[in-house]
Amino acid sequence: MSTNGSRAGATGRLAGTTIMAIGCGTPDGEVNNGFAAATAFLREGARVCIVDRDPNALDEAARVLGEMAVDLESQLTTVIADVGDEDSLAAAFAHCADRLGAPTVLHYNVGIVVNGGVDTLDTDGFRRALDINLTGAFSAIKHALPHMRAAATGSIITVSSVGGMRYMGYDYPAYAASKAGLIELTKVVGAQYAAEGIRANTIAPGLIETPLIHRSISGHYDSVDDMLAARHAQSPTGKMGRPEDVADLAVFLASTESAYINSTLIPVDGGLTHYAGMPKR
């Protein structure tokens, strides 16, 4: 995969903007949706605080971005925080404000897949998916809002999934429920704070070729090659999307170009949500 983050030519349209990018580290230098977005934000001139619970993912993100000529002194900072620990999140926001300025964009890209059907998954597993995918977003938004309200402007971007909109053929109702809840949480926040200049929108990636699919759903198939072929075939376009497709939309939502877009869910799925029939595996 490419490490370009966004395929659009940089225009500096995020210059002067500080972005809190949560869940955007890159273990082993792999390009996931979060890291692609963080890279695109930086290329558009933003100041970015990358937050992750994995220190190795943060170190690798800084290394890769340094090789791409990102100004690590004035444009980027990284901080370890766990979205399940509200105190660590609060400290991360304070660090961002002190190091780069008050964040007026939040990009929440945290998500885990907990496999198991309603008949087999235990309650703890279901709660774990909710805690990370939904309650973690609530905590992040809670700590982002004071900075945005003080600035009288803000853009909250949450990353859900088409799996939170429809059945995808996988045995993960906990993931689906948590991502569906994230969509509605974001819509409500956007509507409630719109009069204060704050917007909140959700991106719903569809069939995107990311490292996560190799770890979380490849076991549903006989081989990795079978998984890739099946997912390409599921798409109306005949191929999966890339993290850069998600990153391009994140840049748009972070910019003033989307100033009148609020409380909206935008799929990045090649038309999958309107594709006839159930997904085939």
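Up top is the structure these notes are about.
Everything quoted here is computed from the prediction, not taken from an experiment. (Residues numbered from 1 in each chain as written. Predicted model: local features only at pLDDT ≥ 70, side-chain atom pairs only at ≥ 80, totals over all residues. Heavy atoms only, no water.)

**Student:** Help me understand the overall build of the protein chain, please; the structure alone is not making it clear to me.
**Tutor:** Counting secondary structure elements, the protein chain contains eight helices and seven strands. Relative to a compact globule of 281 residues, whose C-alpha radius of gyration would be 19 Å, the protein chain shows 18 Å and is just as compact. Dimensions of the protein chain, computed from C-alpha atoms along their principal axes, come out at roughly 50 × 40 × 35 Å. Here the contacts in the protein chain between residues at least 6 apart in sequence split such that 78% fall between residues at least 24 apart. In the structure as shown, the protein chain presents an accessible area of about 11900 Å², 51% of it carried by carbon and sulfur atoms. Here the protein chain contributes 21 positive and 31 negative side-chain charges, whose respective centroids are spaced 6 Å apart. (Helix = DSSP H or I, 4+ residues; strand = E, 2+ residues; numbered from the N terminus. Rg over C-alpha atoms; globule rule 2.2 N^0.38 Å. Contact = heavy atoms within 4.5 Å. Areas by Shrake-Rupley, 256 points an atom, 1.4 Å probe, with all protein chains shown as cover. Lys, Arg positive; Asp, Glu negative; His and termini not counted. Charge placed at Lys NZ, Arg CZ, Asp CG, Glu CD.)

**Student:** How should I be thinking about the packing of helix H1 (residues 33–43) against helix H8 (residues 243–254) in this particular structure?
**Tutor:** Packed helices, taken two at a time, are described by the angle between their axes plus the distance between the axes. Put simply, H1 and H8 touch, their axes get as near as 8 Å, and they point 50 degrees apart. Overall, the two elements H1 and H8 adopt an arrangement that is oblique. Handedness of the crossing formed by H1 with H8: right-handed. Contacts from Asn33, Ala36, Ala37, Ala40 and Phe41 of H1 reach H8 at Pro243, Glu244, Val246, Ala247, Ala250, Val251 and Ala254. (Axes fitted to C-alpha atoms, helices over the stretch in contact; angles between N-to-C directions. Parallel < 35°, antiparallel > 145°, perpendicular 65-115°, else oblique. Left-handed = near helix turned anticlockwise from the far one by under 90°.)

**Student:** Mind showing me how you'd approach the side chain of Thr158 here?
**Tutor:** Here Thr158 shows up in strand S5 (residues 154–159). Thr158 sits in the buried class, given a relative accessible area of 0%. Polar side-chain contacts of Thr158 include one of 2.8 Å to the side chain of Thr186. Not counting residues within four places of it along the chain, the set of residues in contact with Thr158 comprises Tyr108, Ile141, Leu182, Thr186, Asn201, Thr202 and Ile203. (Buried < 20%, exposed > 50% of the residue type's maximum accessible area, 1.4 Å probe, protein only. Polar contact = N/O pair within 3.5 Å; in protein donor to acceptor, adjacent residues only side chain to side chain.)

**Student:** What should I look at first to understand the sheet that holds S5 in this one?
**Tutor:** Hydrogen bonds between backbone groups are what pair the strands of a sheet, and the pairing can be parallel or antiparallel. One open sheet accounts for seven strands, arranged S3-S2-S1-S4-S5-S6-S7; its pairing is parallel. This sheet does not close on itself; its edge strands, each paired only once, are strand S3 (76–80) and strand S7 (265–268). Taken pair by pair, the neighbouring strands of this sheet meet at an average axis angle of 20 degrees, ignoring direction. Where S5 and strand S6 (residues 198–205) come together, six bridges link them in parallel fashion. Of the residues in S6, the one forming a bridge with Ile156 is Ala200. Docked against the sheet, H1 engages strand S1 (18–22), strand S2 (47–52), S3, strand S4 (105–108) and S6, running at close to 165 degrees with respect to S2. With respect to the sheet, helix H5 (residues 173–193) is in contact with S5, S6 and S7, its orientation differing from that of S6 by roughly 160 degrees. (Pairing = 2+ DSSP bridges.)

**Student:** In this structure, what is going on with the nonpolar core? I would like to understand it.
**Tutor:** If you look at soluble globular proteins, the nonpolar side chains tend to sit buried side by side. Counting 34 residues, the largest nonpolar core has Ile19, Phe41, Val48, Ile50, Leu65 and Ile203 as the members making the most contacts within it. Contributing elements (two or more residues each) for this core: S1, H1, S2, helix H2 (55–67) and H8. In contact with Leu65, not counting residues within four places along its chain, are Phe35, Thr39, Leu42, Ile50, Val70 and Leu76. Judged by nonpolar contacts, the second largest core, of 33 residues, contains Met20, Cys96, Ile112 and Tyr193. (Core = buried A, V, L, I, M, F, W, Y, C linked by side-chain atoms within 4.5 Å.)

**Student:** How should I be thinking about helix H7 (residues 224–234) in this particular structure?
**Tutor:** Along an α-helix, residues three or four positions apart point the same way, because every turn accommodates 3.6 residues. Taken residue by residue, H7 has Met227, Leu228, Ala230, Arg231 and Gln234 as its buried positions. Along H7, the residues classed as buried sweep out an arc of 165 degrees about the axis, all on the same side. Residues of H7 that are exposed and angled more than 90 degrees away from the buried face: Asp225 and Ala233. (Arc of directions from axis to C-beta.)

**Student:** Mind showing me how you'd approach the state of the cysteines here?
**Tutor:** All told, the structure shown has zero disulfides when counted by the stated rule. As a non-bridged cysteine, Cys24 has Cys49 as the owner of its nearest cysteine sulfur, 10 Å distant. Relative accessible area serves as the criterion here: at 0%, Cys24 is assigned to the buried category. Free of any disulfide, Cys96 has its nearest cysteine sulfur in Cys49, 4.3 Å distant. (Disulfide = S-S within 2.5 Å.)

**Student:** What exactly am I supposed to notice about the environment of Gly34 here?
**Tutor:** On the secondary structure map, Gly34 appears in helix H1. Beyond its immediate sequence surroundings of up to four residues, Gly34 is in contact with Gly23, Cys24 and Asn109.

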